[in-house]
Amino acid sequence: MLKRRLSIRRSPCPHFCTSIPAPCPVPSAANSAEFTKTWKTAHPDGTVITRDVSANPSAPLDVTWIYANFTPEAARTPEQKALLASSDQLVAELKQADEYVIGVAMHNFSIPSTLKLWIDQIARAGATFAYGANGPEGLLKGKKATILIASGGVYEIGIPMGGLNFVEPYLKAVLGFLGVTDIQFVTAGGAAQLMKPDADRAAFLAPTIERVRTVAA
Ligand SMILES: Cc1cc2nc3c(=O)[nH]c(=O)nc-3n(C[C@H](O)[C@H](O)[C@H](O)COP(=O)(O)O)c2cc1C
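Every residue gets a number counted from 1 within its own chain, in the order that chain's sequence is written. Local features in this predicted model are restricted to residues of pLDDT 70 or higher, and side-chain atom pairs are both shown and tallied only at a pLDDT of 80 or more, whereas totals for entire chains, interfaces and linings draw on every residue.

## Here's the deal with the overall build of the chain
Broken down by element type, the chain carries 6 helices and 7 strands. Compactness check: the chain gives a C-alpha radius of gyration of 18 Å against a globular reference of 17 Å for 217 residues, within 12% of the reference. Taken over the C-alpha atoms alone, the chain extends approximately 60 × 40 × 35 Å along its principal axes. Here a residue counts as buried when 20 or more other C-beta atoms sit within 10 Å of its C-beta, as exposed when there are 12 or fewer, and as partly exposed otherwise, the C-beta atoms being derived from the backbone. Counting only residues that meet the buried cut, the chain has 29% of its 217 residues in that class. By definition, residue pairs are in contact when their C-beta atoms, positioned from the backbone, come within 7 Å. Sequence separation of 24 or more characterises 77% of the internal contacts of the chain that already satisfy a separation of 6 or more. Put simply, DSSP marks the helices as runs of H or I at least four residues long and the strands as runs of E at least two long, and each gets a number from the N terminus on. For a compact globule the rule gives 2.2 Å times the number of residues to the power 0.38, and the radius of gyration it is set against comes from C-alpha atoms.

Below is the structure:
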């Protein structure tokens, strides 16, 4: 069976590159690119769909969108359908794909706001989860997700800073709610050292790239 993978990532070069000598591509983009390369080798007939949520951020939800979403599909006006069209496409991508890979930078101990905007568009009752007799049920069953995190500091579970890592638990919770429970995380912690002029970028990335190759194969 042909495999499809949905790659959710951000632009390879952040806007602040022009004012701060940040290394390009940034770690989350470098790891996403490595994952794709390895995955394509392992699945030569596979299809990769790439969704850059940084270059093309979704619109924030507003009351008109929420009302359109709660209106039964058959009763939606053409305007409501148009309003939900982008979300419909994002949900369709998730349903088509067998595997997801999400490249994530830690921003203020959590996920970037652009990734949250994408999540708001795809977490939809009746589309990616449903309320049944036994409570909510995720509809994205049988999918596998790999989350590639980059953070300036180190936030391993068990160390004092670990309690400030809301990236991993949040993504685990929200993806799990949608039915995606087969999740693996690869984290490049301590990326702040790359801001030093003499930083050895290749040495910093090497262990994470190695791990990415292993999980993507
Ligand atoms: C707006 C912003 C907020 C950030 N917040 C945190 C943070 O809370 N904790 C942390 O360790 N690093 C933080 N960082 C650093 C990034 O996580 C780090 O640069 C990481 O490498 C980003 O991934 P990227 O290089 O792939 O973009 C922040 C960076 C930016 C630009």
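More follows now that the structure is in view.
## Looking at the pairing of strand β4 (residues 129-132)
Note on pairing: two strands pair once DSSP finds at least 2 bridges between them. Pairing between β4 and strand β5 (residues 135-138): 4 bridges, direction antiparallel. In the sheet register, Gly 132 faces β5, and the bridge partner there is Gly 135. The antiparallel hairpin formed by β4 and β5 contains 2 residues in its connecting segment.

## Topic: unusual backbone geometry
Look at Asn 108: it is not a glycine, yet its phi comes out positive at around 50 degrees. Owing to 9 C-beta atoms within 10 Å, Asn 108 belongs among the exposed residues under this scheme.

## Points about the environment of Pro 112
Counting through the fold element by element, Pro 112 comes out in the loop between β3 (99-105) and α4 (113-122). Take Pro 112: there are 20 C-beta atoms within 10 Å of it, and that puts it in the buried class. When the C-alpha positions of Pro 112 and Val 53 are compared, they lie 9.7 Å apart, and in sequence the two are 59 residues distant.

## Considering α4
What α4 keeps buried is the set Leu 115, Trp 118 and Gln 121. Each buried residue of α4 sits inside an arc of 115 degrees when the element is viewed along its axis, so together they form one side. Throughout, the arc means that of the directions going from the helix axis to the C-beta atoms.

## Considerations on the confidence of the model for the chain
Note: predicted coordinates in regions of low pLDDT should not be interpreted at a detailed level. A score between 0 and 100, pLDDT records how confident the predictor is in each residue. Summarising the model, the chain shows a mean pLDDT of 89, and 92% of its residues fall at 70 or more. Scored below 50 in pLDDT, residues 12-23 makes 12 contacts in the model with residues more than four places away or belonging to other chains.

## Points about the sheet that holds β3
Spatially, 5 strands are ordered β2-β1-β3-β6-β7 in an open sheet, and the strand pairing comes out parallel. Both edges of this open sheet fall to β2 (47-52) and β7 (182-189), since each of them pairs with a single strand only. If you compare each strand with its neighbour and ignore which way they point, the axes differ by 15 degrees on average. The sheet contact formed by strand β1 (residues 4-9) and β2 spans 6 bridges and is parallel. Directly across from Arg 4, in β2, lies its bridge partner Thr 47. All axes are obtained by fitting lines to C-alpha atoms, using only the stretch in contact for helices, and the reported angles, taken between N-to-C directions, cover 0 to 180 degrees.

## Thoughts on the site of the ligand
Taken together, 15 residues sit near the ligand, with Val 26, Ser 28, Ala 105, Gly 152 and Ala 191 positioned nearest. Contributing elements (two or more residues each) for the shell around the ligand: α1 (27-42) and β6 (144-151). The nonpolar class holds Ala, Val, Leu, Ile, Met, Phe, Trp, Tyr, Cys and Pro. Asp, Glu, Lys and Arg form the charged class, and all remaining residues, Gly among them, are polar. A breakdown of the residues in the shell around the ligand according to their chemical character gives 9 nonpolar, 6 polar and no charged. Whether a residue is near a molecule or strand depends on its C-beta atom, placed from the backbone, lying within 6 Å of it.

## Let's talk about the pairing of β7
Note: β6 against β7, 8 bridges, orientation parallel. Opposite Ala 145, over in β7, you have Ile 183 as the bridge partner. Handedness rule for crossovers: strands pointing away from the viewer, path from the first strand over the helix to the second running clockwise, crossover right-handed. Remark: the β6/helix α5 (residues 167-177)/β7 crossover connection has right-handed handedness.

## A closer look at the packing of α1 against helix α6 (residues 201-216)
The geometry of α1 relative to α6 is characterised by a closest axis approach of 8 Å and an angle of 35 degrees between their N-to-C directions. Handedness of the α1/α6 crossing: right-handed. Between α1, through Pro 27, Ala 30, Asn 31, Glu 34, Phe 35, Thr 38, Trp 39 and Ala 42, and α6, the contact on the second element is made entirely by Leu 205, Thr 208, Ile 209, Val 212, Arg 213 and Ala 216. Considering only residue class, the contact of α1 with α6 consists of 9 nonpolar, 3 polar and 2 charged. Two helices cross in a left-handed way if the nearer one is turned anticlockwise from the farther one by less than a right angle. They cross in a right-handed way if the turn is clockwise.

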